[in-house]
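# A look at the structure
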Amino acid sequence: MASHDATDTATAAVPEVAPVFLPTVWGDFFINYSPEPFQMSEERMTERSNQLKERIIGLFSCSTIVEQLNLVDTLQHLSVDHHFHEQIDSTLRSTHAGEFNSSSLHDVALRFRILRQQGLWVSPDVFSKFKDEDGAFHVNITNDPRGLLSLYNAAYLFIHGETELEESISFARQHLESMEGKLEYPLAEQVRRALHLPLPRTLKRVEALHYMSEYKQEPMHNSSILEFAKLDFNLLQRLHLKELKALSRWWKNLYREVGLNYSRDRVVECYFWAYTAYYEKEYTCARMILAKIIAIIIMTDDTYDVRATLVECRQLNEAIQRWEESATSLLPEYLQKFYLKLMSTFKEFENELKPDEKCRVSFSTKAFQILSSNYLQEAEWFHQNHKPRFNDQVKVSSVCSGGPWVCVGLLVGMGDTATKEALEWALGCTDAVRACAEVTRFMNDLASFKRGKNKNDVASSVECYISEHGVASEVAIAKIGSLIEDAWKTTNQARFELPKLLLPAVQRVANIMISMPFMYDDKTDAFTFSNRLEGTIKRLFVNPIEF
């Protein structure tokens, strides 16, 4: 939070404008950027992709269960599995229903991970065959790096109470670390990445960039799959570039119009965050709406945090709760254009949706009002110099992370996935949505704590825990780490416990959650200090894959 004049009067002095955020690293880059033409026309690339796609579909019908599982894994690693939904779904359902008697740790772990990710329950008992009577793993698997890596990644699909999977993670990690320096490419690279961040928590598109260069070294690699993946990546990249150009223009106009130049100028990073939820061609509308929602979150957050007095925070919240143009008169002059632009942006969302989809925007409005109420609560705490109890702080600050609104907002443009039930589930902020919010908040707080507290910040979850329990910072950080792990277990569990119709929504919420370890890697806030994202954004959106 910003350092405000804490006097609770209408004549409170306007606070000094808060910590100045670094300027955008992008400027007008995406507005002005025109990519070099491909050597092959986009029409020809699409035609070639369709030919290869048919060839890949044929691979599903003429292979063993293990070959099918490896095929699914490859398509997921290369981030082209969205083209084969029907084939993958059918394959995994029959695999789930059938017997599976492989003695290979890799095969058993691969099946476990892929089925659990798909929302199909598999018991951890499948790993019993690799253990002795005392529950310890057989010594011989310590010489199987590929099997250990698969076990390690699979075990991260654990749910609450699965201590045997937590033990599997420790066991596999210990042995992978001891052999890391002796492995050959590409397995060595895959182990290194997994030890840093396990596969189920890795951003799919970033993993695809790594795996495209590694896949051709795999003994069973298929040149048609690799060619298809490269074509698909480059074609999608052109679409993403067009979206970035349009979004950057929208933001430039909005930023200039509302004049809130104390706010972070991060529209490219907002787009990247929306892209982590869904990158597929059919989700252009959903992606653009979500990117705009994230941009609004940032602007609103920075207003509450770094510019508004307490009186102005209350006025802004009252206007947002009323949600009508006449409420503009409640606001100080510098927020009036912002408020009107908020309302018109939500109207634009409605205009982009089909008649029977327009009601979704009301869910997004409600989520925004809930977010605003919680921003106000943080402001009240700050101005009263009040350090809340840990649980109270987490309840409010996890909503203030923006995560719950993002989980509602990501559904608004999502076609048939955004059922009334899915929107009500997201708005209710239970299970996976709450877990996403908590991971967002805790990782952000750990990054802030490592960086050092700004004099203007409201007390973080780390500080509230230290204060309430009288413990050293290391103890609080360890506790927050265990709560992050609990949140991952909750999201994994939601895949099995919620009605199947909600699974597509759960998977997208999980995607947002998966973006957090990337955004807050090494306890740094790469969104705010966005030069850390510059290289990844170029690789995803600017540099095509070479053939």
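What counts as what
Residues numbered from 1 in each chain as written. Predicted model: local features only at pLDDT ≥ 70, side-chain atom pairs only at ≥ 80, totals over all residues. Heavy atoms only, no water. Helix = DSSP H or I, 4+ residues; strand = E, 2+ residues; numbered from the N terminus. Rg over C-alpha atoms; globule rule 2.2 N^0.38 Å. Buried < 20%, exposed > 50% of the residue type's maximum accessible area, 1.4 Å probe, protein only. Areas by Shrake-Rupley, 256 points an atom, 1.4 Å probe, with all protein chains shown as cover. Lys, Arg positive; Asp, Glu negative; His and termini not counted. Salt bridge = Lys/Arg side-chain N within 4 Å of Asp/Glu carboxyl O. Contact = heavy atoms within 4.5 Å. Expected span 1.5 Å × (residues − 1). Phe/Tyr/Trp six-rings, centres within 6.5 Å; stacked < 30°, edge-to-face > 60°. Lys NZ or Arg CZ within 6 Å of the ring centre and 35° of its normal. Core = buried A, V, L, I, M, F, W, Y, C linked by side-chain atoms within 4.5 Å. Domains from an automatic or database assignment. Axes fitted to C-alpha atoms, helices over the stretch in contact; angles between N-to-C directions. Left-handed = near helix turned anticlockwise from the far one by under 90°. Nonpolar A, V, L, I, M, F, W, Y, C, P; charged D, E, K, R; others polar. Buried area = accessible area lost by both parts, 1.4 Å probe. Polar contact = N/O pair within 3.5 Å; in protein donor to acceptor, adjacent residues only side chain to side chain.

## Examining the overall build of the protein
Regarding its fold elements, the protein presents 23 helices and 0 strands. The C-alpha radius of gyration of the protein comes to 24 Å, within 12% of the 24 Å expected for a compact globule of 547 residues. Each principal axis of the C-alpha distribution contributes one length, and for the protein these read about 75 × 60 × 40 Å. Buried residues in the protein amount to 59% of all 547 residues. Carbon and sulfur atoms make up 50% of the accessible area of the protein, which amounts to about 23,300 Å² in all.

## Overview of the side chain of Glu 269
Within the fold, Glu 269 resides in helix α11 (residues 267-277). Of the side chains bearing the opposite charge, Arg 266 lies closest to the buried Glu 269, which forms no salt bridge; the N-O distance is 5.0 Å. Apart from the residues within four sequence positions on either side, Glu 269 is in contact with Val 25, Trp 26, Phe 527, Ser 530, Leu 533 and Ile 537.

## Details of the pattern of salt bridges
Should the charged atoms of two oppositely charged side chains come close, the side chains can pair. Under the criterion given, the structure shown has 28 salt bridges. The residue Lys 347 makes a salt bridge to Glu 350 at a minimum N-O spacing of 3.2 Å. Pair noted here: Lys 347 and Glu 350 are both in helix α14 (residues 333-352), with a separation of 3 residues, about one helical turn. One network of salt bridges, with partners in common, ties together Glu 166, Asp 486 and Lys 489.

## Brief notes about helix α15 (residues 360-383)
The end-to-end C-alpha distance of α15, which contains 24 residues, comes to 35 Å, matching closely the 34 Å that a straight helix rising 1.5 Å per residue would cover. When you tally the buried positions in α15, you get 19 out of 24 residues, the bulk of the element. Asn 385 occupies a position one or two residues after α15 and carries a positive phi of about 55 degrees.

## Description of the packing of aromatic side chains
Counted under the stated rule, the structure contains 30 aromatic pairs. Judged by centre distance (4.9 Å) and plane angle (90 degrees), the ring pair of Phe 29 and Phe 30 falls under edge-to-face. Classification of Phe 30 as buried rests on a relative accessible area of 2%. The interplanar angle of 5 degrees and the centroid separation of 6.0 Å between the aromatic rings of Phe 346 and Trp 405 together place this pair among those described as stacked. Placement of the pair is Phe 346 in helix α14 and Trp 405 in helix α17 (residues 403-412), with a sequence separation of 59 residues. Judged by its relative accessible area of 2%, Phe 346 falls in the buried class. Look at Trp 405 and you get buried, because its relative accessible area is 1%. Members of the aromatic cluster, joined through ring pairs, are Trp 323, Tyr 339, Phe 346, Phe 349, Phe 368 and Trp 405. For the cation-ring pair, Lys 131 lies above Phe 137, with the distance from its terminal atom to the ring centre recorded as 5.0 Å. For the cation-ring pair, Lys 230 lies above Phe 547, with the distance from its terminal atom to the ring centre recorded as 5.9 Å.

## Concerning unusual backbone geometry
With an omega dihedral of 5 degrees, the bond running from Tyr 185 to Pro 186 counts as a cis peptide bond. Counting through the fold element by element, Pro 186 comes out in the loop between α7 (163-179) and α8 (187-196). Even without glycine at this site, Asn 385 takes up a positive phi of about 55 degrees. Backbone geometry places Cys 429, a non-glycine residue, at a positive phi of 50 degrees. In this fold, Cys 429 is placed in the loop between α18 (420-428) and α19 (431-451). Residue classification places Cys 429 among the partly exposed residues on the basis of a relative accessible area of 21%.

## Some thoughts on the nonpolar core
With 185 residues, the main nonpolar core has Phe 127, Trp 405 and Trp 425 as its most contacted residues. A per-element tally of this core places helix α10 (residues 223-258) first, with 16 residues. Composition of this core by domain shows at least three residues from each of domain 1 (42-228) and domain 2 (259-542). In contact with Phe 127, not counting residues within four places along its chain, are Leu 105, Val 108, Ala 109, Phe 112, Phe 137, Leu 151, Ala 154 and Leu 165.

## Description of the packing of α11 against helix α23 (residues 534-541)
Interhelical geometry of α11 versus α23 gives an angle of 65 degrees and a closest axis separation of 11 Å. You can see that α11 and α23 cross each other, and the crossing is left-handed. For the pair α11 and α23, contact is made by Val 268, Glu 269, Tyr 271, Phe 272 and Tyr 275 and by Thr 536, Ile 537, Leu 540 and Phe 541, respectively. Of the residues that constitute the contact of α11 with α23, the class distribution is 7 nonpolar, 1 polar and 1 charged.

## Here's the deal with the environment of Leu 71
Along the polypeptide, Leu 71 turns up in helix α3 (residues 65-77). Between the C-alpha atom of Leu 71 and that of Glu 280, which follows or precedes it by 209 residues, the distance is 20 Å. With residues up to four places along the chain from it excluded, the contact list for Leu 71 reads Leu 59, Phe 60 and Ile 225.

## Let's talk about the domain arrangement of the protein
Entries for the protein in the domain assignment read domain 1 (42-228) and domain 2 (259-542). For domain 1 versus domain 2, the separation of C-alpha centres amounts to 31 Å. In this complex, domain 1 contributes 26 residues to the contact, which on the side of domain 2 involves 25 residues. Both faces combined, the contact of domain 1 with domain 2 buries some 2,300 Å², and carbon together with sulfur accounts for 62% of it. Considering only the surface of domain 1 that becomes buried against domain 2, His 160, Arg 201 and Leu 203 emerge as the three largest contributors, covering 28% of it. With a shortest N-O distance of 2.8 Å, Glu 485 and Arg 201 are connected by a salt bridge. In this assembly, domain 1 and domain 2 are joined by 14 residue pairs in polar contact (both at pLDDT 80 or more). Those elements that provide at least two residues to the side of domain 1 that touches domain 2 are α5 (105-117) and α9 (204-215). By residue number, the principal contributor to the side of domain 1 that touches domain 2 is α9, which donates 5 residues. Its residues assigned to classes, the side of domain 1 that touches domain 2 shows 11 nonpolar, 9 polar and 6 charged.

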